[in-house]
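Working through the structure, step by step
Listed below, chain by chain, are the residues.
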Amino acid sequence: MPQLGLLPRRAWAALLSQLLRPPCASCTRAVRCHSQGEEPLQVAEAVLTSQLKAHQEKPNFIIRTPKGTRDLSPQQMVVREKILDLVVSCFKRHGAKGMDTPAFELKEMLTEKYGEDSGLMYDLKDQGGELLSLRYDLTVPFARYLAMNKVKKMKRYHVGKVWRRESPTIVQGRYREFCQCDFDIAGQFDPMIPDAECLKIMCEILNGLQLGDFLIKVNDRRIVDGMFAVCGVPESKFRTICSSIDKLDKMAWKDVRHEMVAKKGLAPEVADRIGDYVRCHGGESLVKQMFQDPRLSQNKQALEGLGDLKLLFEYLTLFGIAKKISFDLSLARGLDYYTGVIYEAVLLHTPTQAGEEPLSVGSVAAGGRYDGLVGMFDPKGHKVPCVGLSIGVERIFNIVEQRMKTFGEKVRTTETQVLVATPHKNFLHERLKLIAELWDAGIKAEMLYKNNPKLLTQLHYCESTGIPLVVIVGEQELKEGVVKIRSVASREEVAIKRENLVAEIQKRLSES
């Protein structure tokens, strides 16, 4: 017999209904009634057991979002849209066209494009013969689009969500689902001109967002590969060692060295030679210095990369941004598809004491040249050289949001310009006619969804939501053929002719 004390109230009600119910031939209960040969006690035991089991098996249901994802409130969406508007307007200023691709791709289109990061892709269940994966970034789908449509030249921007199955660290702005903003230039052009423009775009966006001081690190994958070669890294380990070097912005050198030696089998002396190089960073002078390096200067790949960087710095000087750029030999960019110049923007803390080194607070934008990616999709291997950048919207959003909390900044969640109000009852029809007139004129207007709202309630709504103007219609205004316009901030009211309402509102809004 079950423990009766554990039974919830609804189960007792079910038990009583079974015991007190008279015998009947048409009973539809899950257990047989005593008219079919069972004793009431047996019926009670069966009902109790069934009810108690259902009660005990009910899981503890917690409402939450999946790990590595989040909802965005209306206040957060306002901030996010302002960031995206600034970024996209910069892309358009440089002549980019917008485009979009599916949120998921054929898995075969994405595999072998990301190196060790391929394990972070989200694979979807087979839904009818196609093996699919959620897109990992916006670059590979763009390359697939170029190859599939035989496009040889294009300047495009793309804003969309991507998904990565990694351990999320929400505090640092890392998620499993996040938004990317990409700008890319595809086509055969003279060296380093598109690359320099990408770096100029990065500077314009970061200056526009006013996030504080920043630095853009640049390197070249040919220099990275040349460095590996002269240091003695086996060619078969280039990509995996590159992936380790890419972690230097998150891990100390000793930890990266341990990973290369203990986990990836690199000889300790080779790792130490790499360490001598990855500690080097500077400006155009370092590029000239590396031309004279006794080991690196003997590698053809490295010399090609250094030659392009020398030209790049010339263009960056003409753009007026060379001081924001640092040639950094520790920059590797772990993705396999990069073939030339690579870059990454980081924010810097303001030094607290004179002479103190700036402290990096993380990457907020990155990109590089990928001349071979489109050819990986083309049946004949035809290449379309490409270079591009991606803005880290989530990281930037976290920084801006935290700054707003610190300074107590408030955000309007709507753009409503006018509230249509009345101080009297039975004026719903007049309000509906007025607000329709405003909407038809392109004015952003609201009214309260009540037949007879109190005027004070309507005015409080304007103050709480930041609506600047109120249009008031009442009995006297209706008789005189006028309406009142009230400024919420100054509380001043003026009566104007009904036919002049739209023009007067538009005038006021243009002056504000």
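Residues numbered from 1 in each chain as written. Predicted model: local features only at pLDDT ≥ 70, side-chain atom pairs only at ≥ 80, totals over all residues. Heavy atoms only, no water.

Some details on the sheet that holds strand S14 (residues 445–446)
- The five strands lie next to each other as S14-S13-S15-S16-S17, forming an open sheet whose pairing is mixed. Looking along the sheet, the strands with just one partner apiece sit at the ends: S14 and strand S17 (493–497).
- The sheet contact formed by strand S13 (residues 418–421) and S14 spans two bridges and is parallel. Of the residues in S14, the one forming a bridge with Leu419 is Glu446.
- On the sheet, helix H15 (residues 428–440) packs against S13, S14, strand S15 (469–472) and strand S16 (482–487) and is oriented at approximately 160 degrees with respect to S13. (Pairing = 2+ DSSP bridges. Helix = DSSP H or I, 4+ residues; strand = E, 2+ residues; numbered from the N terminus. Contact = heavy atoms within 4.5 Å. Axes fitted to C-alpha atoms, helices over the stretch in contact; angles between N-to-C directions.)

Section: the confidence of the model for the chain
- For the chain, per-residue confidence averages 87 on the pLDDT scale, and residues scoring 70 or more make up 84% of the total.
- Considering only residues more than four positions removed or in separate chains, one finds that residues 1–7, a stretch of pLDDT under 50, has 16 contacts.
- Between residues 24–35, whose pLDDT stays under 50, and residues either more than four places distant or in other chains, the model counts 20 contacts. (pLDDT = per-residue confidence, 0-100.)

Examining the sheet that holds strand S4 (residues 132–134)
- Strand order in the open sheet made by the three strands is S2-S4-S3, with antiparallel pairing throughout. Both edges of this open sheet fall to strand S2 (104–106) and strand S3 (123–124), since each of them pairs with a single strand only.
- Of the pairings in the sheet, the one linking S3 to S4 comprises two bridges and is antiparallel in character. Looking at the pairing, Asp123 lines up with Ser133 of S4.

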